[in-house]
Amino acid sequence: MSDPDCLFCKIVAGEIPAEIVHEGERTIAFRDISPQAPTHVLVVPRDHEPNAAATAHTDAATFAEIALTARAVATAEGYDDYRLVFNTGAGVGQTVFHTHGHVLAGRPMGWPPG
Ligand code: AMP
Ligand code: ZN
């Protein structure tokens, strides 16, 4: 449920401050400390899992809430278009091993991503 050594578990618990923009039954959303777009918000489950697939496997409703919260955050910030990214594994840039979706919006974005 919670990992005492996990940064995002500490944010969920209120032990480390964050700019929270949305709170749901199963998730919270807060601004990334190093924003890569005008809107860059992280949507994280309250329960600790190491990555998106693990959350989806353990609790599909939580995974669905992450996707719906991402849309709600983008809408609240005035964007119809947004990118939702789940880095999965250190080899593609995952640095915090608590599931999180990056909601990115507000600037043009290339494809494929770098
Ligand atoms: P990832 O590299 O996909 O694991 O994403 C981790 C994200 O967490 C990065 O974009 C970091 O900028 C962000 N981050 C790290 N520490 C904090 C923090 N204390 N508050 C908010 N975002 C953070
Ligand atoms: Zn955690």
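Please read these numbers as outputs of a predicted model, since none were measured by experiment.

(A) Focus on the overall build of the protein. Helices and strands together make up the secondary structure of the protein, namely 3 helices and 5 strands. When the elements of the protein are put in sequence order from the N terminus, they spell out α-β-β-β-α-α-β-β. Rg of the C-alpha trace for the protein: 13 Å, near the compact-globule value of 13 Å for 114 residues, within the 12% margin. A principal-axis box enclosing the C-alpha atoms of the protein has dimensions of 35 × 30 × 25 Å. Classification of the 114 residues of the protein by burial places 35% in the buried group. Only carbon and sulfur atoms are counted for the fraction: they give 55% of the accessible area of the protein, which is about 6500 Å². Across the protein, the mean location of the 7 positive side-chain charges is 5 Å away from that of the 14 negative side-chain charges.

(B) Fine view of the site of ligand 1. Taken together, 16 residues form the shell around ligand 1, and within it D32, N87, G93, T95 and H102 come nearest. Contact distances for ligand 1 include 2.7 Å between an oxygen atom and a backbone N or O atom of G93. Between ligand 1 and H102 there is a distance of 2.8 Å, counted from an oxygen atom to a side-chain nitrogen or oxygen. The protein chains hide 83% of the 500 Å² of surface that ligand 1 would expose on its own. Per-element accounting of the shell around ligand 1 gives the leading share, 3 residues, to helix α1 (residues 7-13). Taken together, the residues of the shell around ligand 1 sort by class into 7 nonpolar, 7 polar and 2 charged.

(C) Just the sheet that holds strand β2 (residues 27-31), in detail. Strands sit in the order β1-β2-β3-β5-β4 across an open sheet of 5 strands; the sheet is antiparallel. At either margin of the open sheet sits one strand with a lone partner, and together these are β1 (20-23) and β4 (83-85). Each strand axis lies, on average, 20° off the axis of its neighbour in the sheet, ignoring direction. The pairing of β1 with β2 spans 3 bridges and is antiparallel. Across the sheet, the residue bridging to H22 is A29, located in β2.

(D) Seen up close, the coordination of the zinc ion (ligand 2). Of the protein atoms, only C6 (SG), C9 (SG), H48 (ND1) and H98 (ND1) coordinate the zinc ion (ligand 2), at distances of 2.0 to 2.3 Å. Relative to the metal, the 4 donor atoms surrounding the zinc ion (ligand 2) lie at angles of 107 to 116°, and the coordination shape comes out tetrahedral. Read from N- to C-terminus, the donor residues coordinating the zinc ion (ligand 2) fall into the pattern C-x2-C-x38-H-x49-H. You can see H48 sitting in the loop between β3 (39-45) and α2 (52-58) and its partner H98 sitting in the loop between β4 and β5 (101-105), a full 50 residues away along the chain.

(E) How the structure looks around the nonpolar core. Counting residues in each nonpolar core, the largest one holds 9 residues, listed as C6, F8, C9, I11, I28, F30, L42, V44 and V96. Of all the elements, α1 adds the most residues to this core, at 3 residues. Listed in part, the 7 residues of the second largest apolar core include V43, I66, V73 and V103.

What counts, and at which threshold
Residues numbered from 1 in each chain as written. Chains lettered and ligands numbered in written order. Predicted model: local features only at pLDDT ≥ 70, side-chain atom pairs only at ≥ 80, totals over all residues. Heavy atoms only, no water. Helix = DSSP H or I, 4+ residues; strand = E, 2+ residues; numbered from the N terminus. Rg over C-alpha atoms; globule rule 2.2 N^0.38 Å. Buried < 20%, exposed > 50% of the residue type's maximum accessible area, 1.4 Å probe, protein only. Areas by Shrake-Rupley, 256 points an atom, 1.4 Å probe, with all protein chains shown as cover. Lys, Arg positive; Asp, Glu negative; His and termini not counted. Charge placed at Lys NZ, Arg CZ, Asp CG, Glu CD. Near = heavy atom within 4 Å. Polar contact = N/O pair within 3.5 Å; in protein donor to acceptor, adjacent residues only side chain to side chain. Nonpolar A, V, L, I, M, F, W, Y, C, P; charged D, E, K, R; others polar. Pairing = 2+ DSSP bridges. Axes fitted to C-alpha atoms, helices over the stretch in contact; angles between N-to-C directions. Donors = N, O, S within 2.8 Å, 3.2 Å for Na, K, Ca; no water. Tetrahedral: all angles 85-135°; square planar, octahedral: opposite > 155°, others 65-115°. Core = buried A, V, L, I, M, F, W, Y, C linked by side-chain atoms within 4.5 Å.

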